[in-house]
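So the chains spell out like this:
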Amino acid sequence: MNLKFLETFVWVARLRSFSVAADKLCTTQASVSNRIATLERDLGVRLFERDLRNVSLTPHGQRALAQAEAIVRMVNDFQRTIGDASNERGTVLIGAIDSVVYAWLPRLIERVKEAYPNVTIDLNVDTSLNLARQIQDGQIDLGLVMGPVVAPHIRNIELCTFECLWIASPKLSLKTGRLAIADLVDYPIFAYSKGSQPHQAVLRVIETAGLDPSAIRIFNSNSLATITRLIRDGVGIAVLPRVVVQEFLETGDLRVLDVDARLPPLNFHAVFADDPGNTLPALIADMAVEIAASN
């Protein structure tokens, strides 16, 4: 039995579309149809019910799916475990948020290059919300994001947790010692991109302090380079992990504010599709776990 045909069956079953599965597998819809037809002929059963709009599994197809996934995964695991890693080829699409880039992404890229010298990394830096959608749509293979991402056939592996701090330039005319949220209202607050976990956390602490969030200037940006530059120039206050601004804290360009409103930590996950035909994202995710733990 042709392993490629089993893998095609898995993706048509998951995506419920011959055309979308063809895009996923970088082939034509006619080729996908021929593979499924051949597999059904070999097995002597119909695996899918087809009409003009929908593709659904038959009872035989439902029973076959779990076993097909297991077979494809076992074969690929066998190849990667026994085979020479230097022979691994192809491109892995990795999406990461800025915080991971600043913290330890360069070390992960170096580790991947050492383990898989013939694998190319295509890197996309974006917000967690956008990367979560791209993972689910199959546009990237591995996301390093603030997670988890809850969706069918998506795996989440915990990476690390960063404490979120109030950061500002010593240039700002803030009183010394303990500060309340009300002491910060004269300055804009930079809180990642709108709708992100840090942004929502800032809104909650403002409301908890009895203040109206709409009366406070909350600026949003998905670029940490932009945020750190602006707060170093004294434009406002930011909510950031220490790892992002460590070098500026050491030089005295920025300082941590002692604010009585504590922010929840940021939890980071490696997120990827449970693809039995491609275990490389899972292997790279394991590398990311090791590197994040040693950071």
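The rules behind these values
- Residues numbered from 1 in each chain as written.
- Predicted model: local features only at pLDDT ≥ 70, side-chain atom pairs only at ≥ 80, totals over all residues.
- Heavy atoms only, no water.
- Axes fitted to C-alpha atoms, helices over the stretch in contact; angles between N-to-C directions.
- Helix = DSSP H or I, 4+ residues; strand = E, 2+ residues; numbered from the N terminus.
- Parallel < 35°, antiparallel > 145°, perpendicular 65-115°, else oblique.
- Contact = heavy atoms within 4.5 Å.
- Pairing = 2+ DSSP bridges.
- Left-handed = near helix turned anticlockwise from the far one by under 90°.
- Core = buried A, V, L, I, M, F, W, Y, C linked by side-chain atoms within 4.5 Å.
- Buried < 20%, exposed > 50% of the residue type's maximum accessible area, 1.4 Å probe, protein only.

Details of the packing of helix H1 (residues 3-15) against helix H3 (residues 29-43)
Then, number 1: Running from N to C, H1 and H3 cross one another at 110 degrees; their axes reach a closest spacing of 9 Å. As judged from the angle between their axes, H1 and H3 are roughly perpendicular. Across the interface between the two elements, Lys4, Phe5, Leu6, Thr8, Phe9 and Val12 from H1 touch Val32, Arg35, Ile36, Thr38 and Leu39 from H3.

Description of the pairing of strand E3 (residues 90-96)
Then, number 1: By the bridge criterion, 7 bridges tie E3 to strand E4 (residues 119-125) in an arrangement that is parallel. Note on E4: the bridge partner recorded for leucine 93 is aspartate 122.
Then, number 2: In the sheet, E3 pairs with strand E5 (residues 142-146) via 3 bridges, with the strands oriented parallel. Paired with glycine 95 across the two strands is glycine 143, which belongs to E5.

Thoughts on the packing of helix H6 (residues 105-115) against helix H11 (residues 280-294)
Then, number 1: Remark: H6 packs on H11, axes separated minimally by 10 Å, with the N-to-C direction vectors making an angle of 135 degrees. One element, H6, and the other, H11, form an angle in the oblique class. Of the two elements, H6 crosses H11, and the hand of that crossing is right-handed. Facing Arg107, Leu108, Arg111, Val112 and Ala115 of H6, the residues of H11 in contact are Ile284, Met287, Ala288, Glu290, Ile291 and Ser294.

Points about the nonpolar core
Then, number 1: If you look at the biggest cluster of nonpolar residues, it comprises 77 residues, and the most contacted ones within it are Trp104, Leu108, Leu144 and Trp166.
Then, number 2: A per-element tally of this core places H11 first, with 8 residues.
Then, number 3: In terms of nonpolar packing, the next biggest core, distinct from the first, is built from 19 residues, Phe18, Ala22, Leu47 and Ala68 among them.

Structural notes on the sheet that holds strand E8 (residues 189-190)
Then, number 1: Strand order across the open sheet formed by 5 strands is E9-E8-E10-E7-E11, with mixed pairing between neighbours. Among the strands making up the open sheet, the edge pair consists of strand E9 (218-219) and strand E11 (255-256).
Then, number 2: Helix-sheet contacts for helix H9 (residues 224-232) involve strand E7 (164-168), E8 and strand E10 (237-241), and the interaxial angle to E10 is about 135 degrees.
Then, number 3: Contacts between helix H10 (residues 242-251) and the sheet are confined to E7, E10 and E11, with E10 contributing the most and set at about 115 degrees to the helix.

Let's talk about the environment of alanine 209
Then, number 1: Along the polypeptide, alanine 209 turns up in the loop between helix H8 (197-208) and E9.
Then, number 2: Look at alanine 209 and you get partly exposed, because its relative accessible area is 42%.
Then, number 3: Considered as a pair, alanine 209 and leucine 65 are 144 residues apart in the sequence and their alpha carbons are 53 Å apart.

Looking at unusual backbone geometry
Then, number 1: For the bond from glycine 147 to proline 148, the omega torsion is 5 degrees, close enough to zero to count as cis.
Then, number 2: Tracing the sequence through the fold places proline 148 in the loop between E5 and strand E6 (154-162).
Then, number 3: Of note in the backbone geometry, arginine 16 takes a positive phi value of approximately 55 degrees without being a glycine.
Then, number 4: By the element assignment, arginine 16 lies in the loop between H1 and helix H2 (18-24).
Then, number 5: Here cysteine 26, not a glycine, exhibits a phi torsion of approximately 55 degrees, which is positive.
Then, number 6: If you trace the backbone, cysteine 26 turns up in the loop between H2 and H3.
Then, number 7: Relative accessible area serves as the criterion here: at 73%, cysteine 26 is assigned to the exposed category.

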